Amino acid sequence: MTVTDEQVAALRAFLASEPDEAERLTGQLVEADRLVGYGELVHAAFVTAVRRRFSPSWSIPEVIGLVATVRAQLLDDGIHIDPRTSESLMRHALGDAVATDLEKPATARAQVLLLGELIVDEGLDDAGLDEFLAQARTLADRLMSGVTDRR
């Protein structure tokens, strides 16, 4: 199983801040029962964005600071993400040995919202977003094929 073009298009619409198109495309995935691989794509995009943001080196205070900034921005819109979950997800994406016994709904919520903010911060143009998604798709396909190295 590999990531589909339709899954990439749905995530692209979300990351390009096209909520109506993202909702429509995601709805089509749900209706056609083609979500297998979409979670892996979102995860791979999150890992890719975190690594791009913090490479080549990072520190725990930097991760905490970014999570605090994103949480404050989201709280202005009445949206809450769990700080422990958010920090653990980011540190895990960076290869740190952290607790992974996180609640799935909180994990999914934090991943998607942090991913969106990381991409906004990068200020990617259309070509940059396409290149980013190609990297994430490659990683997602590797993860789904059983390749465990997430780098």
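Residues numbered from 1 in each chain as written. Predicted model: local features only at pLDDT ≥ 70, side-chain atom pairs only at ≥ 80, totals over all residues. Heavy atoms only, no water.

Trainee: Tell me what's going on with the layout of surface pockets, and back it up with residues and numbers.
Mentor: Put simply, the largest pocket is a space of about 240 Å³. When the residues that make up the lining of the largest pocket are grouped by side-chain class, the tally is five nonpolar, six polar and two charged. Here the second largest pocket is characterised by a volume of approximately 170 Å³. Together, Ala-10, Leu-11, Phe-14, Pro-19, Ala-22, Glu-23, Thr-26, Tyr-38, Val-42 and Val-112 line the second largest pocket. Mapped onto the lining of the second largest pocket, the elements with two or more residues apiece are helix H1 (5-15), helix H2 (19-31) and helix H3 (38-54). Here the lining of the second largest pocket takes four residues from H2, the largest share from any one element. (1 Å grid on protein atoms, 1.4 Å probe; cavity = no way out; pocket = protein on both sides within 12 Å on 5 of 7 lines; lining within 4 Å. Points joined across faces, edges and corners; volume = space filled by probe spheres on them. Nonpolar A, V, L, I, M, F, W, Y, C, P; charged D, E, K, R; others polar. Helix = DSSP H or I, 4+ residues; strand = E, 2+ residues; numbered from the N terminus.)

Trainee: Mind laying out the pattern of salt bridges, listing which residues take part and the relevant values?
Mentor: Two side chains bearing opposite charge may form a pair once their charged atoms approach each other closely. One pass over the structure, following the stated rule, counts seven salt bridges. Between Asp-5 and Arg-137 there is a salt bridge; the shortest N-O distance is 2.7 Å. Separated by 132 residues along the polypeptide, Asp-5 in helix H1 and Arg-137 in helix H7 (residues 126-144) bring together distant segments of the chain. Of the charged contacts in the structure, one is a salt bridge between Asp-96 and Arg-91, with a shortest N-O distance of 2.7 Å. With a relative accessible area of 22%, Arg-91 lands in the partly exposed category. Beyond isolated ion pairs, a larger network of salt bridges with shared partners links Arg-12, Asp-126 and Asp-130. (Salt bridge = Lys/Arg side-chain N within 4 Å of Asp/Glu carboxyl O. Buried < 20%, exposed > 50% of the residue type's maximum accessible area, 1.4 Å probe, protein only.)

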